[in-house]
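Given next are the chains, with one letter for each unit.
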Amino acid sequence: MQAELIAQDGQLQSSAIGVREDQPLSVRGLTVSYGDKPAVFSIDADFRPGEMTAIIGPNGAGKSTFLKGALGVIPRLSGDVRIFGRPVDAARARFAFVPQRASVDWDFPARAIDVVMMGLYHDIGLFRLAGSRHRTQALECLSRVGMADFAHRQIGQLSGGQQQRVFLARALAQNADLYLLDEPFAGVDAATERAIIDVLKDLKSLGRTIACVHHNLTTVTEYFDSALLLNVRKIAEGPVETTFSAGNLQATYGGRLAATHLDDVIRKTG
Amino acid sequence: MIDELLSPEFVQLSLPPIVIGILASVACALPGNFLLLRRQALIGDAISHVVLPGIVVAFLVTGVISAWPMMIGAALAAILAIVMIEVIRRIGQVEPGAAMGVVFTTLFAAGVLLLEQSDTSSVHLDVEHALHGNLESLIWFDAIGWASLTNPDALAGLPPQILRLAVVLSGVAIFLALFWKELAISTFDPAFAAAIGAPTGIVSAGLVIATAIAAVAAFDAVGSIIVIAMFICPPATARLMTNRLDRQVAWSVVFAAAAAIIGYVVAGYGPLWFGYANAVSAAGMIATVSGVLLGIACLFGPVRRRVGEAAQ
């Protein structure tokens, strides 16, 4: 499949969203702005079912903003977003969002298991507190990320990689069909990266759809099936083999990615 | 000491201020836990400014000086302030701190103007009193001893602040209990809370309203010094005792009550022990004790850790 390229003059592709329940995430014309300047501008994207998609772009390209805007975590100026064919508010139980690890205060008085139980929010129900069944479920999720031994450790006493695994366990507790992770590999050790990718591949084998904001260009082809290249606007979208090309990367990163580095990336992943 | 506790004077003069001190301290400490964790601890201070126009408008509408209308007015003023902060933040694209500063000072100034322009001279609308209560004056004339606690006629003569604060404390506690999950999730990870569709806006607004109501009820009874101290000191002390949210809240209740009891006793009897004739301000001493407890916890608390210290 050809990667879709969007011309700089703003010839934007737009098509009406049909109600397609097999489409995990459909975004049309998403624009989010902080102040006068749009952080992401008129983005169309479709994550394909059962695939792992990398959201790639330089710092400040709006990768996190794209995710948070699509999920209604931050207000959007315009755009239509469907999750499994339904508006986001009607589909909140079907997706799990993992924010950037650095976005929360890990000094918060909670243990790992307390954080994972937050993923059982809808299960527990309004005005109710977690019971022993929920604790068992949370422990199961922690052991899936190799963190069962740390269930009762205060989260501030965990390493960065362990904290990231706790976040992943919380997403597992949500038992969603679509997983959206914001830089899950940022600042984690090699063992954690391995553990996380194994869990994500397990999810994929169960037919779940996954998308990650991803920084390390050298692992894109190894980990992901598809790529969404962003720099405020969408640069390209499609299967990694065709989309993750030197030309698209140059268009995405501009001068910020030195040509030698680019060659390096392409050769490594080639 | 036992003799003093059994004397009619204790029940008449000391018991009501101690109970009121405990109720006010705990009512403020409960929401204070979440304000502290959200780094909004000074919102209690700010709310004391916002409530002024609410109190004045409540008086102008009802024409009477009565605690309940004033508390409703204060709560409405707090809601108005939240809405204005959000509108200014969104339209003006400024940071929340700046929006808060603008709204709180403007509403306070509006309250002063309202107070000045309205004809309140015929009735003595004592805002000073609302801001600086007098704990020692809240005595129970009808009490003749501990037996009065079972005498309905005598109980009817209890200072009205006791019932009022008991209602407010119950309300705050029920709010925390019902929205415990939402408060915890949205305080720890607001983006996640929004993504799962937890009612973050309602919970945040509810927290500020609970804070406002606790502040106004406590101001009326015990003055602003205790209110500001109790929003911060007991929760901060409790944070140094445990790494679990439920236990932190429980500890904060213990510290708030302890500060109220120790503070009142030390203020009332302490100077006598050292040979001075006069007692000192109970409100001031309660706030001081809460600060001392925090200091002790900083030195000896089991989970004290410097901010930013590397995790092991």
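Rules behind the numbers
- Residues numbered from 1 in each chain as written.
- Chains lettered and ligands numbered in written order.
- Predicted model: local features only at pLDDT ≥ 70, side-chain atom pairs only at ≥ 80, totals over all residues.
- Helix = DSSP H or I, 4+ residues; strand = E, 2+ residues; numbered from the N terminus.
- Rg over C-alpha atoms; globule rule 2.2 N^0.38 Å.
- Buried ≥ 20, exposed ≤ 12 C-beta atoms within 10 Å, placed from the backbone.
- Contact = placed C-beta atoms within 7 Å.
- Expected span 1.5 Å × (residues − 1).
- Bend = angle between axes of the 7 residues up to and from the residue.
- Pairing = 2+ DSSP bridges.
- Axes fitted to C-alpha atoms, helices over the stretch in contact; angles between N-to-C directions.
- Nonpolar A, V, L, I, M, F, W, Y, C, P; charged D, E, K, R; others polar.
- Domains from an automatic or database assignment.
- Left-handed = near helix turned anticlockwise from the far one by under 90°.
- pLDDT = per-residue confidence, 0-100.
- Core = buried A, V, L, I, M, F, W, Y, C linked by C-beta atoms within 7 Å.

## Digging into the overall build of chain B
A tally of helices and strands in chain B yields 14 helices and 0 strands. What you see in chain B, going N to C, is helices and strands ordered as α-α-α-α-α-α-α-α-α-α-α-α-α-α. In summary, chain B has a C-alpha radius of gyration of 20 Å against a globular reference of 20 Å for 312 residues, a match within 12%. With the principal axes as the frame, chain B shows a C-alpha extent of 60 × 60 × 35 Å. When each of the 312 residues of chain B is scored for burial, the buried share is 47%.

## Remarks on the overall build of chain A
The number of helices and strands found in chain A is 10 helices and 10 strands. Out of the 270 residues belonging to chain A, those deemed buried represent 47%. Across chain A, the fraction of contacts at a sequence separation of at least 24, relative to all contacts at a separation of at least 6, is 69%.

## Notes on helix α3 (residues 43-62) of chain B
For an α-helix, the turn length of 3.6 residues means that residues three or four places apart are oriented alike. Residues and elements named next belong to chain B. Compared with an ideal rise of 1.5 Å per residue, which puts 20 residues at 28 Å, α3 spans 28 Å between its outermost C-alpha atoms and is within 8% of the ideal. At V50, α3 is bent by approximately 30°, the largest bend along its length, and proline P53 sits one to four residues beyond. Across the 20 residues of α3, 15 count as buried, placing the element largely inside the fold. Positive phi appears at G63, one or two residues downstream of α3, with a value of about 75°.

## Quick look at the sheet that holds strand β3 (residues 52-56) of chain A
Residue and element names in this part refer to chain A. Taken together, the 6 strands give an open sheet; going across it, the order is β6-β7-β8-β3-β9-β10, and neighbouring strands pair in mixed fashion. Two strands close off the open sheet at either side, each with one partner strand: β6 (95-98) and β10 (233-239). Recorded for the sheet is a direction-independent mean angle of 15° between the axes of neighbouring strands. Contacts between helix α9 (residues 246-253) and the sheet are confined to β3, β9 (226-231) and β10, with β10 contributing the most and set at about 155° to the helix.

## Re the pairing of β10(A)
Counting buried positions along β10(A) yields 6 of 7 residues, so the element is predominantly enclosed. The hairpin formed by β9(A) and β10(A) contains 1 residue between the paired strands, and A:V232 there has a positive phi angle of roughly 65°.

## A few points about the interface of chain B and chain A
Listed by partner, the interface residues are 23 residues for chain B and 26 residues for chain A. Looking at the side of chain B that touches chain A residue by residue, the classes come out as 13 nonpolar, 6 polar and 4 charged.

## Remarks on the environment of B:I91
Following the sequence through the fold, B:I91 ends up in helix α4 (residues 67-92). For B:I91 and B:G111, which are 20 residues apart along the polypeptide, the C-alpha to C-alpha distance reads 24 Å.

## Considering helix α5 (residues 160-173) of chain A
All names here are of chain A. Along its 14 residues, α5 runs 20 Å from first to last C-alpha, staying within 8% of the 20 Å computed at 1.5 Å per residue. Within α5, 13 of the 14 residues are buried, which leaves the element mostly enclosed by the surrounding structure. Looking one or two places after α5, you find N175, whose phi comes out positive at around 45°.

## Some details on the packing of α3(B) against helix α12 (residues 224-239) of chain B
Residues and elements named next belong to chain B. At a minimum axis separation of 8 Å, α3 and α12 run at an interaxial angle of 145°. Between α3, through G44, D45 and S48, and α12, the contact on the second element is made entirely by S224, V227, I228 and F231. Partitioning the contact of α3 with α12 into residue classes produces 3 nonpolar, 3 polar and 1 charged.

## A few points about unusual backbone geometry
All names here are of chain A. In the Ramachandran plot, N175 falls in the positive-phi region, its phi being about 45° despite a non-glycine side chain. The topology assignment puts N175 in the loop between α5 and β7 (178-182). A tally of 16 C-beta atoms within 10 Å means that N175 is categorised as partly exposed. Located in the positive-phi region is E183, a residue other than glycine, with phi close to 50°. Counting through the fold element by element, E183 comes out in the loop between β7 and α6 (190-205). Given 22 C-beta atoms within 10 Å, E183 falls into the buried group.

## Quick notes on the domain arrangement of chain A
All names here are of chain A. Domain parsing of chain A yields domain 1 (22-94 + 177-270) and domain 2 (104-175). Relative to domain 2, the C-alpha centre of domain 1 lies at a distance of 25 Å. In this assembly, 10 residues from domain 1 lie in contact with 10 residues from domain 2. If you tally residues by element for the side of domain 1 that touches domain 2, the top one is α6, at 4 residues. In terms of residue class, the side of domain 1 that touches domain 2 is built from 7 nonpolar, 2 polar and 1 charged.

## Section: the packing of α4(B) against helix α11 (residues 200-222) of chain B
Residues and elements named next belong to chain B. At a minimum axis separation of 9 Å, α4 and α11 run at an interaxial angle of 145°. Once α4 is placed against α11, the crossing between them reads as right-handed. Of α11, the residues touching α4 (which contributes A67, M71, A74, A75, A78, I79 and I82) are A205, V208, I209, A212, I213, V216, A217 and D220. Looking at the contact of α4 with α11 residue by residue, the class counts come to 14 nonpolar, no polar and 1 charged.

## Side note on the confidence of the model for chain B
All names here are of chain B. Averaged over all residues, the pLDDT of chain B is 85; the fraction at 70 or higher stands at 92%. Considering only residues more than four positions removed or in separate chains, one finds that residues 307-312, a stretch of pLDDT under 50, has 5 contacts. Predicted complex metrics record ipTM = 0.89 and pTM = 0.87.

## Side note on the confidence of the model for chain A
Residues shown with low pLDDT carry predicted positions that ought not to be read at fine detail. Considering every residue of chain A, the mean pLDDT works out to 89; 87% of them sit at 70 or more. Overall, residues 1-17 of chain A carries pLDDT values under 50, and its contacts beyond four positions in sequence, including any with other chains, amount to 30 contacts.

## Brief notes about the environment of A:F167
Residue and element names in this part refer to chain A. Of note, F167 is situated in helix α5. Sequence separation of F167 and V116 is 51 residues, and the distance between their C-alpha atoms is 7.2 Å. Excluding anything up to four places from it in sequence, F167 contacts V98 and R101.

## A word on the nonpolar core
Ranked by internal contacts, the top residues of the largest apolar core, which has 183 residues, are A:V116, B:A27, B:A78, B:A212 and B:A218. Mapping this core onto the domain boundaries places at least three of its residues in each of domain 1 (22-94 + 177-270) and domain 2 (104-175) of chain A. Excluding residues within four positions of it along the chain, B:A78 makes contact with B:I47, B:V50, B:V51, B:V208, B:I209 and B:A212.

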